[in-house]
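Coordinates in review
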Amino acid sequence: MKQGKVLLADNHQTMLEGVRNLLEDMFETVFMVADEASLMEAAEKLNPDLIVADLSLPVTKELNIVRRLKKAFPQIRLIILSIHDEGTAVGECLVAGASGFVLKRTAVTDLVPAIETVLKGDIYISPSVVQTSGKAGET
């Protein structure tokens, strides 16, 4: 059974397309944006069930996109995509309110399980982060 709406945010068109292809069978509607302003506007208008956003998305008002989204939409479920596999990056995202952290290089295998886990209310971290960094929650 398909979920409702997911909002994808990444300033790399190739990544957006690849992630969209993964999620089209899971969600009724997949929206894509490429910058912070569009992400904030779409999140407000669409009220998505989930946001999947690039950690490196340029952000103007907060230190990272997680803080900005959680301040504006505290109830939102958020999965971060990142090239960074350091435990500190993961820890900062989780402390700021992300529900999941998926490495871009493992998104093909990790994103669907991450979404399933996060939509159940649990936390998901790409296994390779934990393997390379020790405890992912350490900051």
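Refer to the structure presented above.
All values reported here derive from a predicted model rather than from experimental measurement. (Residues numbered from 1 in each chain as written. Predicted model: local features only at pLDDT ≥ 70, side-chain atom pairs only at ≥ 80, totals over all residues. Heavy atoms only, no water.)

1. Remarks on the packing of helix 2 (residues 36–46) against helix 3 (residues 65–72)
With their axes 11 Å apart at the nearest point, helix 2 and helix 3 run at an angle of 25° to one another. Regarding the angle of helix 2 to helix 3, the classification is roughly parallel. By crossing handedness, the relation of helix 2 to helix 3 is classed as right-handed. From helix 2, Glu36, Leu39 and Met40 reach across to helix 3, where they touch Ile65, Arg68, Leu69 and Ala72. Grouping the constituent residues of the contact of helix 2 with helix 3 by class yields five nonpolar, no polar and two charged. (Axes fitted to C-alpha atoms, helices over the stretch in contact; angles between N-to-C directions. Helix = DSSP H or I, 4+ residues; strand = E, 2+ residues; numbered from the N terminus. Parallel < 35°, antiparallel > 145°, perpendicular 65-115°, else oblique. Left-handed = near helix turned anticlockwise from the far one by under 90°. Contact = heavy atoms within 4.5 Å. Nonpolar A, V, L, I, M, F, W, Y, C, P; charged D, E, K, R; others polar.)

2. Describing the nonpolar core
Grouped together as the largest cluster of nonpolar side chains are 26 residues, with contacts concentrated most on Leu39, Ile51, Leu69, Ile80 and Phe101. Contributions of two or more residues to this core are made by strand 1 (3–9), helix 2, strand 3 (50–54), helix 3, strand 4 (78–82), helix 4 (87–96) and strand 5 (100–103). Counting 21 residues, the second-largest nonpolar core is a separate cluster that includes Leu23, Val52, Ala114 and Val118. (Core = buried A, V, L, I, M, F, W, Y, C linked by side-chain atoms within 4.5 Å. Buried < 20%, exposed > 50% of the residue type's maximum accessible area, 1.4 Å probe, protein only.)

3. Quick look at helix 5 (residues 107–119)
The end-to-end C-alpha distance of helix 5 is 17 Å, a good match for the 18 Å that 13 residues give at a rise of 1.5 Å each. Residues Ala107, Asp110, Leu111, Ala114, Ile115, Val118 and Leu119 constitute the buried set of helix 5. The arc enclosing the buried residues of helix 5, seen along the axis, measures out at 145°, which places them on a common side. Just beyond helix 5, the residue with positive phi is Gly121, at close to 100°. (Expected span 1.5 Å × (residues − 1). Arc of directions from axis to C-beta.)

4. Considering the environment of Gln3
Turning to its location among the elements, Gln3 is positioned in strand 1. Given a relative accessible area of 35%, Gln3 falls into the partly exposed group. Along the sequence, Gln3 and Thr29 sit 26 residues apart, while their C-alpha atoms lie 8.4 Å from each other. For Gln3, the contacting residues outside a window of four places in its chain are Met26, Phe27, Glu28 and Leu119.

5. A short note on the packing of helix 1 (residues 13–23) against helix 5
Packing of helix 1 against helix 5 brings their axes to within 10 Å, and their N-to-C directions diverge by 50°. Taken together, the axes of helix 1 and helix 5 are oblique relative to one another. Our pair here, helix 1 against helix 5, has a crossing hand that is right-handed. For the pair formed by helix 1 and helix 5, the contact residues are Met15, Val19, Leu22 and Leu23 on the first element and Ala107, Val108, Leu111, Val112 and Ile115 on the second. Tallied by class, the residues present in the contact of helix 1 with helix 5 amount to nine nonpolar, no polar and no charged.

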